[in-house]
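So the chains spell out like this:
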Amino acid sequence: LQELSLHNNELQSLPSEIGLLVNLRKFHLHSNQLQSLPQEIGLLTNLQRLSLHQNQLQSLPTEICYLTNLQILLLDNSQIDFVPDNIKHIIQKV
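For clarity, every value in this text was computed on a predicted model and none was experimentally measured. (Residues numbered from 1 in each chain as written. Predicted model: local features only at pLDDT ≥ 70, side-chain atom pairs only at ≥ 80, totals over all residues. Heavy atoms only, no water.)

Asks: Quick rundown of the overall build of the protein? Include the residues and the values.
Replies: Along its length, the protein carries 0 helices and 5 strands. Overall, the protein shows an N-to-C arrangement of helices and strands of β-β-β-β-β. For the protein, the spread of C-alpha atoms along the principal axes amounts to about 30 × 30 × 20 Å. Within the protein, the proportion of its 94 residues that are buried is 41%. Within the protein, contacts between residues at least 6 apart in sequence are counted, and of these 17% link residues at least 24 apart. Accessible surface, the protein: about 5,400 Å² in total, of which carbon and sulfur atoms supply 44%. Charge centroids of the protein, computed over 5 positive and 8 negative side chains, lie 12 Å from each other. (Helix = DSSP H or I, 4+ residues; strand = E, 2+ residues; numbered from the N terminus. Buried < 20%, exposed > 50% of the residue type's maximum accessible area, 1.4 Å probe, protein only. Contact = heavy atoms within 4.5 Å. Areas by Shrake-Rupley, 256 points an atom, 1.4 Å probe, with all protein chains shown as cover. Lys, Arg positive; Asp, Glu negative; His and termini not counted. Charge placed at Lys NZ, Arg CZ, Asp CG, Glu CD.)

Asks: Kindly report on unusual backbone geometry, identifying the contributing residues and their values.
Replies: Despite not being glycine, Asn8 has its phi angle at roughly 60 degrees, a positive value. The phi torsion at Ser31 lies on the positive side, around 60 degrees, for a residue other than glycine. Among the secondary structure elements, Ser31 is positioned in the loop between strand E2 (26–28) and strand E3 (49–51). A residue is classified by how much of its surface remains accessible, and Ser31, at 18% relative accessible area, is buried.

Asks: With reference to specific residues and values, describe the side chain of His28.
Replies: Here His28 shows up in strand E2. A relative accessible area of 11% means that His28 is categorised as buried. With residues near it in sequence (within four places) discarded, His28 still touches Glu3, Leu4, Ser5, Leu6, His7, Arg49 and Ser51.

Asks: Would you mind going over the environment of Leu34 in detail, with residue names and values included?
Replies: Along the polypeptide, Leu34 turns up in the loop between E2 and E3. With 51 residues separating them in the primary sequence, Leu34 and Asp85 have C-alpha atoms 23 Å apart. Apart from the residues lying within four places of it in its own chain, the contact partners of Leu34 are Leu11, Gln12, Ser13, Leu14, Leu29, Asn55, Gln56 and Leu57.

In short, geometric facts, not functional conclusions.
This is how it looks when you write it as structure tokens:
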């Protein structure tokens, strides 16, 4: 599985098993009610695009820094007040 779209589902959380999707390249989670992400998100090292905009996220797990192939991170309309320095350059506006 290389692309997974779970947007517009009113999800409030993700299971830790999400870390098993190691071949995932595009993950669309926008327009949900996510309040946090599991630490296992950092295991998705092939991820290139992560859409998290329009959620209730207030922070990102530090493991997000392990996503070394991440090229696009969408965070618009979220409540995140801190983004690690080493990923600031990939944040894009929707």
